[in-house]
Structure formats: C-alpha cells, structure tokens
Amino acid sequence: MDAATTPTVRNVALVGHAGSGKTTLAEALLLRAGAVPRAGRVEDGSTVCDHEPEEVARGSSVALGVADLDWTCSQGRPHRMTLLDTPGAPDFAGAVDAALAVADLAVVVVSAVDGVQSGTEAAWRRCDEAGIPRLVVVSQEDRARADFHRVLDQVRDLAVRTGHDAAAVLPLELPLGEEQALHGVADVLSDRGFDYGADGRHRDCDLPADVADEEHRLHGEVTEEIVAHDDDQLERYLSGDEPGPVDLERTLAREVASGGAVPVLVASAATGVGIDRLADLVCEIGPAPTDRPARLRVGGGGPDDGAETELPADPAGETVLHVFRTVADPFVGQVSVFKVLSGTVRSGDRLTTAAGTEERLHGLFRLRGREHLPVDAVAAGGIAAVAKLGSAPTGTLLATRAQPVRPATLPARPPVLGLALVPVSQADDDKLSGALTRLAAEDPTLVVERTAHQAVLRGLGDAHLAVAVERLARVFGVHVTTEPVRIAYRETIARAAEAEGRLKKQSGGHGQFAVVQLRLSPLPPGSGFAFVDSVVGGAVPRSYLPAVERGAAEALAAGGPLGHPVVDVQVEVHDGKAHAVDSSDMAFRTATAAGVRAALASAGTVLLEPTLRVTVVVPPEAQGDVLGDLSGRRGRISSSSTTDDGRVRIEAVVPEAEVVRYALDLRALTGGRGEVVLAPGDYEVRPGHLAPV
C-alpha cells in the first residue's frame, strides 16, 4: 500500500526555458533523497527523467518525465513528492500543459547564467492561465558568469509585465559565493548561513560581511511583505514581536497557494548547494492537493464549454482519476499515467469512462523514470500509472460511475506545422492509420488529417514532428518518408461558356450514344457547384439527368486546365439528344464530362489559393519587424491591438503558401517570444504574375 496521505503529497512541475537545468535539478533531488545511488548526466543519456531513446539521442527532454521520491522535511514530516519534468522547447509545449493539469506547484527554473528567456516567459504565462502557484529556482549558480541579482531583477520585471506585483517576488535565499566559489546559501527568513560539503548536506556558518548587510535588509523587507497578509502577525510585528521562521513559513504557504507570493531560491544541481533546502521548502510552503480542488467541466459540447465545478481531494470520496499522459510501451503495451482527483484507487478496481466503457486497473505502480514501483492503492492527490487500459487516451476521466464531466484543461494548442507521410512499403501503409490514431491518443497536440492524396501529421514544430516519425518506427514498427503538404489550390471558370458533350460509339450490339448542350458560368466565391436543368421537350430524358449532374461534378473535381479541382461554377444543361437503345447513364456521364472539359478549355480558368487567418502575439519591440514580414508574404493586416500583458496582437489574412513554415520563422524573428495561431480562411485569386503551381 502507498503510505502517502493526501496532505503530505506534493506534485511539482519543473518548467522553464530549454537548457535551464530542469532535468539535472530533478536528478539532484532524486540523489539527495536517496532515490538513486548516483546522479545521471543529460550529456550521456543516463538521467532518470530523460530515458526515451529520442531524448538520449538529442540530449534534451522531448516528453513529460515523471519521478517519485520520498522526503522528510526539516520539521520531521515525511512527504511523497512527484516531479513532473517538462521539456523547455516550444515544440513540446503540450507536455507542459499536461504537467500543469495535475501539478499543485510549478517550480520555474531559471539559469543564473542565461537569465529569463523566451521559454521562461512562456511557462510563466501558462502558469497564469492554469492558475498554478509558482516558486522560482535560480539554477546553475556554480557556472561561470552566474549572476543571481541580475536574474532576480529579470524575474521581478517579468512579474510586472504579466500583471503581478514586483514585491510579491520574495528572495528567500542569497548565494554565498558565486560561480566556482559558490559554497552555500543565506536563509533570509532565519537570518542564518548554510555551508555545503561534498555530501550535499548543509551546516550552519557565519554570514560573510559582503552578504550580511544585504541579507539583513532583505529579511526586513520579506518579513514585512509576509506579515502584511496576516492581521494577527502584522499586529504583533508592529508592536515589536517579530514572528519566527516557522510562523512566517505558515503565512507564506497560504500566499504561495493563492498565487500572491513567488518565492525565489538558489540551487546548484552540480554541487548540491541548496538542493535539500529546495526539497524542504517545497514540502513546507508548497500547496498540497487538499489546498487545490480539481476543476472539472460539466455538460457542453466543446472542451471549453459547460459549467465549471470543483472536486475536493478527499481520500474517502468517490473515486475519480484523470489520465494526463499515455505512453505506448513496446514491452508492456499502453501505460496510462493518472492523478487521483478524489477517493482512493486500489489494484483491481473497475472504473468507467464518461462514455460508459468499463476499465479494470491491473497492477498499479508509481513511476521513477522508466522504473515501475508497485503499489496496492493510491489516495486522492497521488500520481501513479497502470498498463493496458484500452479506452483511456490522454485527457480521459475514470470514475466509479459514468459522469458527463471532463477536466477543465488549458486551451488547446493548435498545430502550426504539417508533414505528409509516405509509407515505405505496403505493410507500413496497412498499419499507418492505426499507428497514427494511437500516436494522437498519446499526444493531443498531434493532429492527423487525411486529404485526397496525402496522410498529413500536424504538430507544434519540426522537432515535434521528427520525434513523432521516429516513434512511429520504433514503437509501432511503421516506417515512412516525409514530403511537404500539398497546397489545396482550386480553379474557377474565367467567364461564361457553352459547349457540347457528345459520345457516339458503335462496336457491335448495343452502342453508346449521348449528346448534351451545356452552359458553364461563374458563381460567387464560396458557392461551390450548382447544377441547373433547363431541358424542355424531353430532349434529355429525365431519368438521365442525375447522370448528367454526376458527370459534371466528377469532371470539375478531376481538375481544370491547370490541374486543380474547379469550384464556384454553375453547370446548366439546356438541350441534348438520346437514343432509345444506345443511351445509358454511363454514356451521359461520359458525354457531360467531355462537354465540361471543353467549356473550361474555351473559357479559361482562374487559379484560386487558400488563405489563412493569422493571429500573432509578439512583444512591442518586434511589432515593426513582424508587420513588415507579413506584408512581404502578401498578407493583409486586419487589426493590431495591445493585450492585457502589454504585448501586441496582430491579425492578418495571408496566402497559405506563404506561411507553411511561418511558426518557425516567427520564432527566429522574435527570439522565440512570438506566438501564432493559424485558422482556415477563404479562397482568393492568385495573382497572375506569380510563378505557376
């Protein structure tokens, strides 16, 4: 049985820019807790959280890593901590959303060398959207050019730009030494210094003179900020009775849970400095699942529809699980990682999806990277996994009875890049559809489309799609090559035209005979295809008119003179001839198709290209560059406005051919700080001076 109780559970998402040290920090926490005998290294692919072959090959996280550890805090209380290690690259931002859906605290990891970067800002804003409390860890303090104070100023500036009070950013520690000279931390709440040895454990030490004055000043500022949120403490403080560190932490914990305070800590995963204190403070001031009821939506058709309700994390309540990640394992099948939102789940329990499908949970286990740690039961707030659930893709709720509820998740991230997949062999073609379905069930940010000629996989970037193709081969045994997605060009008739469609063939026995007189004329954009019967006197028997309509539709769909389907055309049949013996449906279909082709050739066609509605959100300093870039892509700017957090939102209509890889170009143009959403637009005439397609 899992001994952890709900109040002692801590679910922690590690978020931040790529390369800020999240995975290495997780490794240091696992080592310090005794969960692993030695620390792995990202460089040689030996870390607990980055264990997938795609991660080892790239030397970076591409998926959500889950690692459990047990920690007894400085106050002597045992806790169960689940680390959710997220990728920092924007291509894998779906893993950040999955972690924030179940985490109770986000640890924003910021490199002391590189400071606040685009990935830091993106993670911070996503925490705001999810309503997740956060704590900042300034990592890599032992490296050359580390500068804690510069980073602290950047974090405060980020807080202000996103609508927070700069005073809410509370440095609880200062580094003792920096770069290679880092050897400890100063605790602002207790006015004490801690020195670290080679064993990663801290010992009391005197504060150096160059730190003592700043530490004492910060102690006063931080104490005043904390007690300002507690009337009793504030009254005592004003009367000269300063609360002790334990009392301050108790008040600070409430402020962290409400989002009113963002503590800042110092850590070095390489030397162990600050690692144990980070674990202590996560347990002592971090919220438990009991502090953060799960948010669910009831009713409504779409993911953002329906009334929102809360479900307390009560171990004695009705059992409800949220499957927030699924992984297709080539050895044990599908592994479903879940959080118990309410109740207590036990091995062998039978639970039901919202659709009424029953699932039995065989063999629960906690995760520590690729390691499975069996447990008999998991109480509310706990995170665990189970294998071989047949109908529980990512995002599924399982409960003791079918309920029309779903998690109140963050807004979906729409795909911004697509690739067409070409199976290498017939065997790969046979398995491709099923494999893509399972791949999309694992990762909701992957979207599968089937066009008339291509199987298209869309995602959040080129690295995202490359990893998906690699997983298709490694996990599902489906090998594909890739090619660009074809732009769905269309044609429309340039002017009205008439033509005759005739088929006369005699080959012994019954022949084939049909004649139709056709008029083709343009329709307003978006009208599609219209068929008009103007035949009088029975020149074309009414029984053949459906065949005439079908022949016209097939001819237009087959493509005009430029080779693309023809749209926005009215086809009118006004006369014709039939033979009592030799006429047939097939004859009239064939004759009509020939007449349509002749009319299109006579009148000529105009090439239509699809457009996209492009919404870009960028920092103000990038507005000019983005506007100029969109104009250079033949874009028409619809509007430009300022968002609540001071950024600029630009809306434009741009031909699809011009923005095939726009998301990647925008990242380069804005240093990763630009966001784009692409939505289908209308078809417009492609200028004739451009190269033919």
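Residues numbered from 1 in each chain as written. Predicted model: local features only at pLDDT ≥ 70, side-chain atom pairs only at ≥ 80, totals over all residues. Heavy atoms only, no water.

A. Spatial organisation of the overall build of the chain. A tally of helices and strands in the chain yields 15 helices and 37 strands. Taking the principal axes of its C-alpha atoms as reference, the chain extends roughly 110 × 60 × 50 Å. Across the 693 residues in the chain, those meeting the buried criterion constitute 52%. For the chain, the accessible area works out to roughly 29,000 Å², and carbon and sulfur atoms hold 51% of it. The chain carries 67 positive and 98 negative side-chain charges, and their two centres are separated by 9 Å. (Helix = DSSP H or I, 4+ residues; strand = E, 2+ residues; numbered from the N terminus. Buried < 20%, exposed > 50% of the residue type's maximum accessible area, 1.4 Å probe, protein only. Areas by Shrake-Rupley, 256 points an atom, 1.4 Å probe, with all protein chains shown as cover. Lys, Arg positive; Asp, Glu negative; His and termini not counted. Charge placed at Lys NZ, Arg CZ, Asp CG, Glu CD.)

B. Highlighting the nonpolar core. Ranked by internal contacts, the top residues of the largest apolar core, which has 100 residues, are L84 and L100. At seven residues, helix α9 (residues 275–285) tops the list of elements feeding residues into this core. For L84, the contacting residues outside a window of four places in its chain are V12, A13, L14, L64, G65, V66, A99, V102, A103, F324 and I383. Of all hydrophobic cores here, the second largest spans 29 residues; its members include V516, V540, F588 and A591. (Core = buried A, V, L, I, M, F, W, Y, C linked by side-chain atoms within 4.5 Å. Contact = heavy atoms within 4.5 Å.)

C. Local environment of unusual backbone geometry. Unlike most non-glycine residues, Q140 shows phi in positive territory, near 60 degrees. Relative to the assigned elements, Q140 resides in the loop between β5 (134–139) and α5 (148–161).

D. Just the sheet that holds strand β7 (residues 173–176), in detail. Strand order across the open sheet formed by four strands is β7-β8-β9-β10, with antiparallel pairing between neighbours. Edge positions in the sheet fall to β7 and β10 (202–205), since each of these pairs with one other strand and no more. Mean inter-strand twist for the sheet, computed between neighbouring axes without regard to direction, equals 30 degrees. In the sheet, strand β8 (residues 184–187) pairs with strand β9 (residues 192–196) via four bridges, with the strands oriented antiparallel. Bridged to D187 within β9 is R192. Contacts between helix α6 (residues 209–227) and the sheet are confined to β7 and β8, with β7 contributing the most and set at about 175 degrees to the helix. (Pairing = 2+ DSSP bridges. Axes fitted to C-alpha atoms, helices over the stretch in contact; angles between N-to-C directions.)

E. Here's a closer look at the packing of aromatic side chains. Tallying each qualifying case throughout the model produces one aromatic pair. For the ring pair Y544 and F588, a centre distance of 4.8 Å and an interplane angle of 20 degrees mean the geometry is stacked. Taken as a pair, Y544 in the loop between β32 (529–533) and α12 (545–558) and F588 in helix α13 (residues 585–603) lie far apart in primary sequence, 44 residues in all. On the basis of relative accessible area, Y544 is assigned to the buried category, the value being 15%. (Phe/Tyr/Trp six-rings, centres within 6.5 Å; stacked < 30°, edge-to-face > 60°.)

F. Structural view of the environment of P546. Looking at where P546 falls in the secondary structure, it is placed in helix α12. For the pair P546 and D429, spaced 117 residues apart in sequence, the C-alpha separation works out to 36 Å.

G. Region of interest: the sheet that holds strand β28 (residues 480–483). Pairing in this open sheet of four strands is antiparallel, and the strands run β26-β27-β25-β28 from one edge to the other. The strands lining the two open edges of the sheet, one partner per strand, are β26 (447–450) and β28. Here the strands of the sheet are splayed against their neighbours by 35 degrees on average, with no regard to which way each runs. Bridge count for strand β25 (residues 417–423) against β28 is four bridges, and the pairing is antiparallel. Bridging from a neighbouring strand, P423 pairs with V480 of β28. Contacting β25, β26, β27 (455–459) and β28, helix α10 (residues 426–442) crosses the sheet at an angle of about 150 degrees to β25.

H. Local environment of the packing of helix α14 (residues 623–632) against helix α15 (residues 662–670). At a closest axis distance of 10 Å, the pairing of α14 and α15 adopts a crossing angle of 145 degrees. Helix-helix and strand crossings are classified by hand; for α14 and α15 the assignment is right-handed. Along the contact surface, α14 presents D625, V626, D629 and L630, while α15 presents Y662, L666, L669 and T670. Partitioned by chemical class, the residues of the contact of α14 with α15 number five nonpolar, one polar and two charged. (Left-handed = near helix turned anticlockwise from the far one by under 90°. Nonpolar A, V, L, I, M, F, W, Y, C, P; charged D, E, K, R; others polar.)

I. Examining the environment of D644 more closely. Relative to the elements of secondary structure, D644 occurs in the loop between β35 (636–642) and β36 (648–655). We classify D644 as exposed; its relative accessible area is 89%.

J. Quick look at the packing of helix α1 (residues 22–32) against α9. The contact between α1 and α9 brings their axes to 9 Å, and the two run at 85 degrees. On the basis of the axis angle, α1 is roughly perpendicular to α9. Together, L25, A28, L29 and R32 of α1 and I275, D276, L278 and A279 of α9 make up the contact between the two elements. Here the contact of α1 with α9 is composed, by residue class, of six nonpolar, no polar and two charged. (Parallel < 35°, antiparallel > 145°, perpendicular 65-115°, else oblique.)

K. Representation of the environment of A267 within the structure. Inspection of the secondary structure assignment puts A267 in the loop between β11 (262–266) and α9. Along the chain, A267 and I285 lie 18 residues apart, while their C-alpha atoms are 17 Å from each other. Apart from residues lying up to four places away in sequence, A267 is in contact with L25, V137, V138, S139, Q140, E141, V273, G274 and I275.

L. Inspection of the side chain of D428 at higher detail. Within the fold, D428 resides in helix α10. At a separation of 3.2 Å, a polar atom in the side chain of D428 contacts the main-chain amide nitrogen of H479. Discounting chain neighbours no more than four positions away, the residues touching D428 are P423, G477, V478 and H479. (Polar contact = N/O pair within 3.5 Å; in protein donor to acceptor, adjacent residues only side chain to side chain.)

M. Representation of the pattern of salt bridges within the structure. Counted according to the given criterion, the structure contains 54 salt bridges. The partner of R474 in a salt bridge is E54, with the nearest N and O atoms 2.9 Å apart. Taken together, the positions of R474 in helix α11 (residues 462–474) and E54 in helix α2 (residues 53–58) put the pair 420 residues apart, joining distant regions of the chain. On the basis of relative accessibility, which here comes to 31%, the residue R474 falls in the partly exposed class. (Salt bridge = Lys/Arg side-chain N within 4 Å of Asp/Glu carboxyl O.)

Without other data, these values stay purely geometric and don't point to any function.
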